[in-house]
Each structure stands twice: as C-alpha cells, then as structure tokens.
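For reference, the chains in residue letters:
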Amino acid sequence: MTRDVRDLLAAAAGLYRDDPRASALLHDCLNRLEQPLRVAFTGAPASGKSTLAAALGEWPTRALRDLVLLDDPGPADEVPDATVRLVRHLEPDELAAAHPPGGSPFARQSAVNSVLVLSRADEVGAGRIDALLTAKQLARRAWREDPLCTGFLGVIAVAGQLAYGGRSLRDDEFDLLAAFAAVPREELERHVLSVDSFTDPAFPGPIPVETRRSLVVRFGMFGVRLALTLIRTGCDDRIKLSAELVRRSGLGELRDTLAGCFVARAEALKARTAVIRLEALLAAQPRPGGDRLVSRVERFAAAAHDFRELRLIADIRGGRTALSGDPAEEAVRLLGAQGTAPADRLGLEPDADPGEIYDAGLDALRRWRHEAERPDRPHAERTAAHVVVRSTEGLLSLFA
C-alpha cells in the first residue's frame, strides 16, 4: 500500500512541480510515510484530553512506543492519522458533535481511524463505587446499539484522572491513603461521601486540609474511595495499588485498542492521510492531466483491503453482524485484530514454522470459502465471509 501511495505522490509532484506550496505539501506527505503515526486526542473543554494523553504517553509500554500523541491539535497544526475522541456523556448531542466529519468519498469509505472514549467514567452514576463497571456497560451498549457510534472502531469507558493518578502514585500518597484506610470504616464513612466532607476541618486525625485536597485533585473523590477499598482488601503496597487503580481505570483496554487498531495498521493509516491530502490538492488546484491521478486514487481506494478489515472488525465486535461466538472470534483474528503477522492471524506461536502456518492458513481458507458460498446464509454474512477469505488469501500469498 505504501509503495502505491509513493507512486501517486511522485506522479503528483511531477504535475505540480512549478507550484512551491503544492510541492512542499507533497514532500511533507512523502516524509510523513516514514515517521511515527500521529494520534490526536480531541474533545470538548474539560473532557480530560491532556490527562488521558499524559496517562498513555507516560506509560512505558512497547505497544504504544511508535505513536506520537497530539493533545487537541488545531486546524493549523499537524494533520493526525488517527483520533481518540473524548466525550463526558454518551448523550446524542455529544455523540453527534464527536462523530468524524464526512470528508471526501475516500475519507468516508476508509473512516476507520477513530476511537470514542467516555473519558470521565468515574462520574457515571454520581460516582458510586460501581461507577466504572456501569460506565463500561453503557459504553458497550452504545457501541452495539447507538447509530451515532457506528463510525468508531470502539467505544471505551476510561477514568482518565484515576488512570493518571494510578500511573504516577507516589510513596507518600500511598502512605496517606493507607493511614486513612486504617481508620475504622464506620468512623471514616461519612467523611468520604463528598469533597466537602473529605476536606472538612472536622475530619478525624491530624492530616491538614491542603493535603487531603491534594489527594482529591490527584485521584478525584471516586479514586480516593476506591483506593481505600483496595487497600483494605489486599493492595498493601504502592506497586499493588498503582497496578489495580490503572487496571480498573480502563486505560489498559484503551491501550490494547490503540495497539490493535492503530499501531498494527500504522502504514495503512499514514497512507490514508497522504491520499486524503492528495485528494484535497487535486480538488482545490485542478491541473490538466489531474483526472488520471483522480482515477488512480479511486482505484487505490477500491483495492485498499486494510480498511475493509478494520471496518469488519469493528462491526463484529460491535455486534453489527450475524457472526458470534467462536466463528466471530476466528474472523476478527484472521482479519488481524490481534496482529497482522501470519502467525498472529492464525493464532499460532510467533516461531511457528512456515509449513505449519501455510497448512493452518489453507485450512482456514477452505472453511471461510465454504461460509462465503453458503446459499442459506444472509447476504451480509456471506459478504463478511468474503472479506475474511480475501484476508486469508493475502496471508497465503506470502508463501507463494
């Protein structure tokens, strides 16, 4: 795919060689193909963009090391290749505002570069102790049932403040929380109902109001209550508490989604960005001979299988296909949801020998061709099976 895009950009550079601005744009497109994937965090004010980007950016995880995270870039800033869109509530107005813009026909056809995040999941249900669980259920339901969520590769509930606080939990903060957790529950209960009660001068013990307030700023009142519960139930050191706060925050699910949908498809997404910018140039500054480039872009768009794979993965996981159970799990794996290497697609060990990979691929191809040709299956299901067949054929072509 990248080679095709390079050829398109080279042809365009020849067409616009007498235009310095257009030439600079095309040169930038070529350079961007060699650079890390750019992922923008966008959303309304106070949705937690900076906090969530910092929580992910400061996470020393191999899965995300090749990403550049952009905190709410403006129109004049760098063009992102993918987007994490944050909303505070899954309400129609917010979802409509967060929905990716339409753009060109190719941009619409390949609109597989956005993930939606319910970014203040700890506020769901007035911040009760089960807020995160409820938020995750709401997010899954919205992804499956709300048409306004159809364009996203996932809808994920994350408590950004909790994630960042957990990631950066200090020894002195753990010691403070552990001291509070040691206070008899019945004595402490009424003082952790709200920020006002937690920072009230009547709070038991010698901890200054400013210190208690700093804990609320770092973790939120929900995070303080959750930390106390976790310490009482076994998280008896900073490392354990940090790991559990991060795990419950939803940050791991977001990381895995970005790794599977963005990192694994980085080349395709960067190629998409370049083609969209080329399309815009051809439309804004038409030149004699430009129609041939437009036709090549259209052929490129029609042949771009990576985008069909991403769309089908999202549809299967979002419950928008008839596939379910083991066939659905196998389909998303063959489509590359757990990695695009042949062994990953086939569920084999990374060091599987080529013969084993080929035999497993051939077996998968036979089964999914059968599914694609079954006359008793709905058209949509057979169409989905055809996409899986195409992915498996591409996998086997590597061994030709």
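Before reading on, note that the structure itself is shown above.
The structure displayed is predicted, hence computed values, not measured ones. Positions within a chain are numbered from 1, following the residues in the order the chain's sequence is written. Local features are withheld for residues below a pLDDT of 70 in this predicted model, meaning they are given only at 70 or higher, and side-chain atom pairs are given and counted only at 80 or more; totals for whole chains, interfaces and linings count all residues. Water and hydrogen atoms were dropped before computing side-chain values, which therefore reflect all heavy atoms in the structure.

1. What about the sheet that holds strand β4 (residues 114–118)?
What counts is decided by this rule: At least two bridges found by DSSP between two strands is the condition for calling them paired. The way it works is that DSSP assigns letters per residue, a run of H or I at least four long becomes a helix, a run of E at least two long becomes a strand, and they are numbered from the N terminus. An axis is simply a line fitted to the C-alpha atoms; with a helix, the fit covers only the stretch in contact. Between two such axes, the angle follows the N-to-C directions and lies from 0 to 180 degrees.
Strand order in the open sheet formed by five strands is β2-β1-β3-β4-β5, with parallel pairing between adjacent strands. Among the strands making up the open sheet, the edge pair consists of β2 (67–71) and β5 (155–157). Here the average twist between neighbouring strands, direction ignored, is 25°. Two elements, strand β3 (residues 82–87) and β4, share five bridges in a ladder whose sense is parallel. Directly across from Leu86, in β4, lies its bridge partner Val117.

2. Quick word on the packing of aromatic side chains
For any pair of aromatic rings, the description rests on two quantities: the centre-to-centre distance and the angle between the ring planes. So the rule is basically this: Working definition: a ring pair exists when centres of Phe, Tyr or Trp rings (six-membered ring for Trp) sit within 6.5 Å. Plane angles under 30 degrees give stacked, over 60 give edge-to-face, the rest tilted. With a 1.4 Å probe rolled over the protein chains alone, any residue whose accessible area is under 20% of its type maximum counts as buried; one over 50% counts as exposed, and the rest are partly exposed.
Tallied over the entire structure, the rule returns four aromatic pairs. Between Tyr358 and Phe399, the aromatic rings sit 6.4 Å apart at their centres with planes inclined by 70°, giving edge-to-face as the arrangement. Linking Tyr358 in helix α19 (residues 354–372) with Phe399 in the segment after α20 (379–397), this pair joins segments that are 41 residues apart in sequence. Its relative accessible area of 34% is what places Tyr358 among the partly exposed residues. Chaining the aromatic ring pairs together yields one cluster made of Phe180, Phe198 and Phe203.

3. A word on the packing of helix α16 (residues 305–317) against α20
Where we set the bar: Should an angle fall under 35 degrees it is called roughly parallel, over 145 degrees roughly antiparallel, and 65 to 115 degrees roughly perpendicular, with every other angle called oblique. In this scheme, a crossing is called left-handed if the near helix is turned counterclockwise away from the far one by less than a right angle; it is called right-handed if the turn is clockwise. In what follows, residue pairs with any heavy atoms lying within 4.5 Å of each other are defined as contacts. Three residue categories are used. Nonpolar comprises Ala, Val, Leu, Ile, Met, Phe, Trp, Tyr, Cys and Pro, charged comprises Asp, Glu, Lys and Arg, and polar comprises the others, including Gly.
Taken N-terminus to C-terminus, the directions of α16 and α20 make an angle of 130°; their axes are 10 Å apart at the nearest point. Taken together, α16 and α20 sit at an angle that is classed as oblique. Taken as a pair, α16 and α20 cross one another with a handedness that is left-handed. From α16, His305, Arg308, Glu309 and Leu312 reach across to α20, where they touch Ala384, Val387, Val388, Arg390 and Ser391. A class-by-class count of the residues in the contact of α16 with α20 yields four nonpolar, two polar and three charged.

4. As for α20
Rule in force here: Take the number of residues in a helix, subtract one, and multiply by 1.5 Å to get its expected span.
A rise of 1.5 Å per residue sets the reference length of α20, with its 19 residues, at 27 Å; its end C-alpha atoms lie 27 Å apart and thus fit the reference within 8%. All buried positions along α20 are accounted for by Glu381, Ala384, Ala385, Val387, Val388, Val389, Ser391, Thr392, Leu395 and Leu396.

5. Topic: the environment of Leu56
Mapped onto the elements, Leu56 comes out in helix α3 (residues 49–57). Expressed as a C-alpha distance, the spacing of Leu56 and Tyr164, which sit 108 residues apart in the sequence, is 8.2 Å. When sequence neighbours within four positions are dropped, the list of residues in contact with Leu56 reads Phe41, Leu64, Leu69, Leu251, Leu254, Arg255 and Leu258.

6. Observations concerning the environment of Leu188
Within the secondary structure, Leu188 sits in helix α9 (residues 185–188). Ignoring anything within four residues of it in the chain, the contact list for Leu188 reads Phe180, Val183, Phe203, Leu228 and Arg232.

7. Focus on the environment of His370
Here His370 lies in helix α19. Residues His370 and Ala284, spaced 86 residues apart in sequence, show a C-alpha to C-alpha distance of 47 Å.

8. Looking at the pattern of salt bridges
Heads up, the rule is: Any carboxyl oxygen of Asp or Glu within 4 Å of a side-chain nitrogen of Lys or Arg constitutes a salt bridge here.
This model, assessed by the stated rule, comprises 27 salt bridges. For Asp18, the salt bridge is made with Arg287, and the minimal N-O distance between the two is 3.0 Å. Pair noted here: Asp18 is in the loop between α1 (2–15) and α2 (20–32) and Arg287 is in the loop between α14 (266–284) and α15 (290–303), with a separation of 269 residues, a long-range link. A relative accessible area of 58% means that Asp18 is categorised as exposed. Residue classification places Arg287 among the partly exposed residues on the basis of a relative accessible area of 26%. One salt bridge in this structure joins Asp130 and Arg128, with 3.3 Å as the shortest N-O distance. On the basis of relative accessibility, which here comes to 33%, the residue Asp130 falls in the partly exposed class.

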